[in-house]
Amino acid sequence: MDNKPIIALDFSTKAEVEHFLTHFPKQSLNVKVGMELFYQEGIEILKQLKESGHDVFLDIKLHDIPTTVYKAMRGLAGYGVDMVNVHAAGGVEMMAAAKKGLKDGKKAGSKKPLLIAVTQLTSTTEENMQREQKVSGTLEESVLNYARLSYFAGVDGVVCSVHEAKEVEQVTAPKFLRVTPGIRLPGDLTNDQKRIATPLEAKREKATHIVVGRTITKSKDPATAYQEVLKYWNGE
Ligand code: C5P
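The following paragraphs examine the structure supplied in this document. (Residues numbered from 1 in each chain as written. Predicted model: local features only at pLDDT ≥ 70, side-chain atom pairs only at ≥ 80, totals over all residues. Heavy atoms only, no water.)

So, about the environment of Lys 175. Checked against the element boundaries, Lys 175 lands in the loop between α7 (162–171) and β7 (177–180). On the accessibility criterion, Lys 175 (65% relative accessible area) is exposed. Spatially, the C-alpha atoms of Lys 175 and Asp 156 are 8.1 Å apart, while their sequence positions differ by 19 residues. (Helix = DSSP H or I, 4+ residues; strand = E, 2+ residues; numbered from the N terminus. Buried < 20%, exposed > 50% of the residue type's maximum accessible area, 1.4 Å probe, protein only.)

The subject of this paragraph is the site of the ligand. For the ligand, the full set of nearby residues is Ala 8, Asp 10, Lys 32, Thr 122, Pro 181, Arg 184, Gln 193, Val 211, Val 212, Gly 213 and Arg 214. Gly 213 places a main-chain nitrogen or oxygen 2.8 Å from an oxygen atom of the ligand. Relative to its unbound accessible area of 470 Å², the ligand is 82% covered by the protein chains. Taken atom by atom, the bulk of the ligand overlaps the largest pocket. Here the residues of the shell around the ligand sort into four nonpolar, three polar and four charged. (Near = heavy atom within 4 Å. Polar contact = N/O pair within 3.5 Å; in protein donor to acceptor, adjacent residues only side chain to side chain. Areas by Shrake-Rupley, 256 points an atom, 1.4 Å probe, with all protein chains shown as cover. 1 Å grid on protein atoms, 1.4 Å probe; cavity = no way out; pocket = protein on both sides within 12 Å on 5 of 7 lines; lining within 4 Å. Sits in = over half its atoms within 2 Å of the grid points. Nonpolar A, V, L, I, M, F, W, Y, C, P; charged D, E, K, R; others polar.)

Here we take up the packing of helix α1 (residues 14–21) against helix α2 (residues 35–51). Axes are the key here: two packed helices are described by the angle between their axes and the distance separating the axes. Put simply, α1 and α2 touch, their axes get as near as 10 Å, and they point 45 degrees apart. Between α1 and α2, the crossing angle belongs to the class labelled oblique. On α2, the residues touching Lys 14, Val 17, Glu 18 and Leu 21 of α1 are Leu 37, Glu 41, Ile 45, Gln 48 and Leu 49. Classifying every residue of the contact of α1 with α2 gives five nonpolar, one polar and three charged. (Axes fitted to C-alpha atoms, helices over the stretch in contact; angles between N-to-C directions. Parallel < 35°, antiparallel > 145°, perpendicular 65-115°, else oblique. Contact = heavy atoms within 4.5 Å.)

Each α-helix winds once per 3.6 residues, and so residues spaced three or four apart point in a common direction. With 15 residues, helix α6 (residues 139–153) ought to run about 21 Å at 1.5 Å a step, and its terminal C-alpha atoms sit 21 Å apart, in line with that. Every buried residue of α6 is listed here: Ser 142, Val 143, Leu 144, Tyr 146, Ala 147, Ser 150 and Ala 153. Lining the buried residues of α6 we find α4 (92–105), β5 (114–118), α5 (126–132), β6 (157–159) and α7. Downstream of α6 by one or two residues, Gly 154 has phi in the positive range, about 95 degrees. (Expected span 1.5 Å × (residues − 1).)

It is worth spelling out the side chain of Asn 30 at this point. Among the structural elements, Asn 30 can be located in strand β2 (residues 30–34). Looking at Asn 30, the relative accessible area reads 1%, which means it is buried.

Attention now moves to the pairing of strand β3 (residues 55–62). With seven of its eight residues buried, β3 lies for the most part within the structure. The pairing of β2 with β3 spans five bridges and is parallel. Each bridged residue has a counterpart across the sheet, and for Val 33 the counterpart in β3 is Leu 58. The β-α-β motif built from β2, the intervening α2 and the parallel element β3 has right-handed crossover chirality. In terms of strand pairing, β3 meets strand β4 (residues 83–87) through three bridges, oriented parallel. When the bridges of β4 are listed, Phe 57 appears paired with Met 83. In this fold, the crossover linking β3 to β4 by way of helix α3 (residues 66–78) has right-handed handedness. (Pairing = 2+ DSSP bridges. Right-handed = clockwise from strand over helix to strand, strands pointing away.)

Structural data, given as structure tokens:
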């Protein structure tokens with residue numbers, strides 16, 4: 001998957017996805033399929049997106065025992081997903097098993113899917129983390145700890161906020177991917193995102209990939225919104 005913005009296809013049905021993609025005829029996009037779409041349209045939607053020439057980030061955040069995650073990843077790699085993720089909370093052994101599953105399941109001649117870890121969910125507050133997970137220290141320390149563990153496990157990168165990207169790079173390596181959601185164009189609605197950044201800020205803060213949902217999907221003119229995001233992301 002190259003570093004074009006990743007469009008979050010947060011829709012429930014194949015029909016909605018097909019309608020949305022009519023705004024991008026003959027273009028090869030980076031798209032993200034999350035739980036909402038995947039649990040309703042299943043493997044078929046992955047096949048369809050791949051056949052249409054898109055690169056797919058399957059955002060289903062696996063978290064289970066290593067053997068189960070290994071087998072799930074081996075199967076998913078066979079469908080040609082380009083990026084997929086796990087919860088870093090599943091542990092180093094689980095993340096390494098996920099990586100091996102992707103390697104063992106990838107189609108001959110195709111690239112190994114990129115494996116990304118989720119650190120702390122952005123819906124988790126520091127207070128909840130300390131009280132419920134019994135993790136002491138700050139939320140940021142926990143995010144950076146999970147980033148280090150993921151790097152150690154051989155994962156390719158993490159999902160993080162734009163504001164964490166630089167520090168993640170510092171505790172890991174420049175090549176370790178920083179995939180950042182919470183992106184808005186100047187003047188957009190923030191919706192439920194608490195900490196947002198523009199594509200240009202994301203670039204300056206060392207994000208390697210941006211995930212953009214409603215700014216494009218809810219726009220009256222998705223193609224123009226995408227071009228705007230692309231322009232800022234490319235630093236123009
Ligand atoms: O519409 P919006 O641009 O806010 O969508 C962001 C996308 O990124 C959604 O699919 C959301 O689930 C996802 N995401 C996020 N924050 C995270 C992880 C994923 O917003 N920490």
